[in-house]
Amino acid sequence: MSSFQIPAQPGILPLQAIETLIATGAIRSDTPFDADQVQPASLDLRLSDQAWRVRASFLPGQRKVEDRIRDVAMHTLDLPGGVVLEKGCVYIARLQERVSLPRGINARANPKSSTGRVDVFVRLLTDQGGSFDDVDEGYDGPLYLEIAPQTFSILVKPGTRLNQLRLKAGDPPKLETRSVGVDLQAGDNGIVGFRGRRHAGVVNMDHINGHDPRDFWEPLTVRNGELMLDPGEFYILASSDDVEIPVDQAAEMTPIDPSVGEFRVHYAGFFDPGFGTDEAHGKGSKGVLEVRTHDTPFLLEHGQTVARLVYEPLTERPMRLYGEGGSHYQSQGLKLSKHFKAWS
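Residues numbered from 1 in each chain as written. Predicted model: local features only at pLDDT ≥ 70, side-chain atom pairs only at ≥ 80, totals over all residues. Heavy atoms only, no water.

K.L.:
Can you walk me through the overall build of the protein chain in this structure?
P.N.:
A tally of helices and strands in the protein chain yields three helices and 25 strands. For a compact globule of 344 residues, the expected C-alpha radius of gyration is about 20 Å, and the protein chain comes in at 20 Å, within 12% of that figure. When its C-alpha atoms are laid out on the principal axes, the protein chain stretches across 60 × 45 × 40 Å. As presented, the protein chain carries roughly 14,700 Å² of accessible surface, and 45% of it is formed by carbon and sulfur atoms. The average position of the 37 basic charges and that of the 47 acidic charges among the side chains of the protein chain differ by 3 Å. (Helix = DSSP H or I, 4+ residues; strand = E, 2+ residues; numbered from the N terminus. Rg over C-alpha atoms; globule rule 2.2 N^0.38 Å. Areas by Shrake-Rupley, 256 points an atom, 1.4 Å probe, with all protein chains shown as cover. Lys, Arg positive; Asp, Glu negative; His and termini not counted. Charge placed at Lys NZ, Arg CZ, Asp CG, Glu CD.)

Quick look at the structure:
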């Protein structure tokens, strides 16, 4: 088995490099990889059959994750057959994938778009990890996921994909940072966003287009281009401008400085190369914003900056762009997650 060739220039690894890491054993899995698991600039991660309900979130520090779990575990979960993760509770699951990263290669995880859009907060954990979501170069070990549903309880099983891993060579330069504003001007149907219902049913995370959105969401209309965010509520909104990710770059949406507004935007921050581009048939795509305010009500205005898009280079153009071969979110406007039927 040949070794992985570290790219000469720092950058995010495209899908062909991720596939090489899999072929050389740097990324392994309990079960064979799914055919669609490698994305243009990221790898979807899958739940295993091991999970625990825990009393609190934690970082392992100098210990292994499972050693730390013993201190806070309330009970174990039997994922085969499916299990409901209750909103307001915290869980830890072992992922099917594990890594043996070469020196010079590090990684960062983020929720998948469909996970963030149902208000499920997830963070990656590694043994002896000092921060969430970051995998240091040279790390050799298992991967775990903290899962904390906020608005809806969710049904998961082994193989459910809640987060994704972006692999990097070195420390890629930040090519550009763009402000992202919010769209509060109503379209043809008068709806500018959606607010999650507090006492909805369970979202099956593997059931695509299988839920009636009216059972889970309240449509929002506004007057004068303003929207009052209530503490404890979860909102789906759209960006005021189109988002476009060049074919040789990737981007991450990051929160704004708290001094600009006390709210959180966008749990799922990865944008793959080709999103919103004419070449990948996505011209006119919006960024969908997952918004939750903190302790006080907050009044949003149309066009107000709510997040930043940070662009980084790829080490080379990916063999496939985002949206080629089909995508739930290419060419999107204001759109709920793929679990819900179209609003009508």
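K.L.:
Even after reading the chapter, I still don't get the sheet that holds strand β16 (residues 203-204), so can you show me in this structure?
P.N.:
Hydrogen bonds between backbone atoms are what pair the strands of a sheet, whose relative direction is either parallel or antiparallel. The mixed open sheet is built from three strands, whose spatial order is β6-β12-β16. The open sheet has two edge strands, β6 (83-85) and β16, and neither has a second partner. Inspection of the sheet shows strand β12 (residues 154-156) paired to β16 by two bridges, in the parallel sense. Its bridge partner lying in β16, Leu155 is registered against Asn204. (Pairing = 2+ DSSP bridges.)

K.L.:
Explanation requested: the sheet that holds strand β14 (residues 176-181) in the structure shown.
P.N.:
Strand order in the open sheet made by the four strands is β14-β25-β20-β22, with antiparallel pairing throughout. The open sheet has two edge strands, β14 and β22 (270-271), and neither has a second partner.

K.L.:
Even after reading the chapter, I still don't get the pattern of salt bridges, so can you show me in this structure?
P.N.:
Opposite charge on two side chains makes pairing possible when the charged atoms of those side chains draw close. Following the criterion strictly, the structure yields 24 salt bridges and no others. Measuring nitrogen to oxygen at the nearest pair gives 2.5 Å for the salt bridge that ties Arg70 to Asp67. Linking Arg70 with Asp67, this pair stays in helix α2 (residues 65-72), spanning three residues, or about one helical turn. Accessibility expressed as a relative area gives 61% for Arg70, which makes it exposed. (Salt bridge = Lys/Arg side-chain N within 4 Å of Asp/Glu carboxyl O. Buried < 20%, exposed > 50% of the residue type's maximum accessible area, 1.4 Å probe, protein only.)

K.L.:
I tried to follow helix α1 (residues 15-23) on my own but got confused; where do I start?
P.N.:
An α-helical turn contains 3.6 residues, so any two residues separated by three or four positions project in the same direction. Buried residues of α1: Leu15, Gln16, Ala17, Ile18 and Leu21, and no others. Structurally, α1 contributes buried residues whose contacts are with β2 (27-29), β3 (38-39), β4 (42-54) and β13 (161-169). One or two residues past the end of α1 sits Gly25, with phi positive at roughly 85 degrees. (Contact = heavy atoms within 4.5 Å.)

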